[in-house]
Amino acid sequence: MEIDITYPKIPHRRLVYLMLRKIILACYAVAFVACGIVNLCVGGYPWSLIVFAGQWLFWISVIERPLVEFTFMSKFSAILINVCIFLVIIDLIFGKGFTRVVVPIICFSMLIVQSLVFFIGFKRQKGNIMPLFLVITIGLIALALALIGIIEMNWPTIVFGAIAFVVLITCLSLFFKPLRRELAKKFHVN
């Protein structure tokens, strides 16, 4: 009996990339452990968490290649959301309070760019609905939390929530049927 292997061979360039990823991951682990030990010995602020968050940001931005939804919009969204998380970590450690203003500004700027790309090239971009709806959902939740009083109500949060609401209403009024079909494709369970 002969076994016929029908899977394509992995290109050499891809094998090198996978090996390089493993080496970088090992270096990350060593650096994180070393920074944690030094931080514990020296004391002070937990700056090793900032090192870990920076490593994570670099991994998401440069090294990670998702198997599904690997488009400009999804990569752009992932990078900016991780930048916001990085800024929140820095703010929590050093306690300056700047993220209450900076993070919503980054988010509504990201939403403006996403919606422009989405609306200008709708036929090609309708598959990129999930990153756009993720940021819209974050904006609406942030505005609701600000209205309730859980987070601080400031002008960037109001602008972020307002832009998210306008983009959602525009999407639903202009492209309801195509977006419903795209969402059915994304969440189809049969």
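Residues numbered from 1 in each chain as written. Predicted model: local features only at pLDDT ≥ 70, side-chain atom pairs only at ≥ 80, totals over all residues. Heavy atoms only, no water.

Draft legend 1. Representation of the packing of helix H3 (residues 72–94) against helix H4 (residues 99–120) within the structure. Look at H3 against H4: their axes get within 10 Å of each other, and the N-to-C directions meet at 175°. Here H3 is positioned roughly antiparallel relative to H4, judged by the angle of their axes. Two secondary-structure elements touch here, H3 through Met 73, Phe 76, Ser 77, Leu 80, Ile 81, Val 83, Cys 84, Leu 87, Val 88 and Asp 91 and H4 through Thr 99, Val 102, Val 103, Ile 106, Cys 107, Met 110, Val 113, Gln 114 and Val 117. In terms of residue class, the contact of H3 with H4 is made up of 15 nonpolar, 3 polar and 1 charged. (Axes fitted to C-alpha atoms, helices over the stretch in contact; angles between N-to-C directions. Helix = DSSP H or I, 4+ residues; strand = E, 2+ residues; numbered from the N terminus. Parallel < 35°, antiparallel > 145°, perpendicular 65-115°, else oblique. Contact = heavy atoms within 4.5 Å. Nonpolar A, V, L, I, M, F, W, Y, C, P; charged D, E, K, R; others polar.)

Draft legend 2. Here's a closer look at the pattern of salt bridges. Tallied over the full model, the rule gives 1 salt bridge. One salt bridge connects Arg 100 with Glu 152, and the closest N-O pair in it is separated by 3.0 Å. With Arg 100 in helix H4 and Glu 152 in the loop between helix H6 (129–148) and helix H7 (155–174), this pair connects stretches of sequence that are 52 residues apart. Overall, Arg 100 belongs to the partly exposed group, its relative accessible area being 47%. (Salt bridge = Lys/Arg side-chain N within 4 Å of Asp/Glu carboxyl O. Buried < 20%, exposed > 50% of the residue type's maximum accessible area, 1.4 Å probe, protein only.)

Draft legend 3. Fine view of helix H2 (residues 47–63). Between its terminal C-alpha atoms H2 stretches 23 Å, which fits the 24 Å expected from 17 residues at 1.5 Å a residue. Every buried residue of H2 is accounted for by Ser 48, Ile 50, Ala 53, Gln 55, Leu 57, Trp 59, Ile 60 and Ile 63. Elements that come into contact with the buried residues of H2 comprise helix H1 (12–42) and H3. (Expected span 1.5 Å × (residues − 1).)

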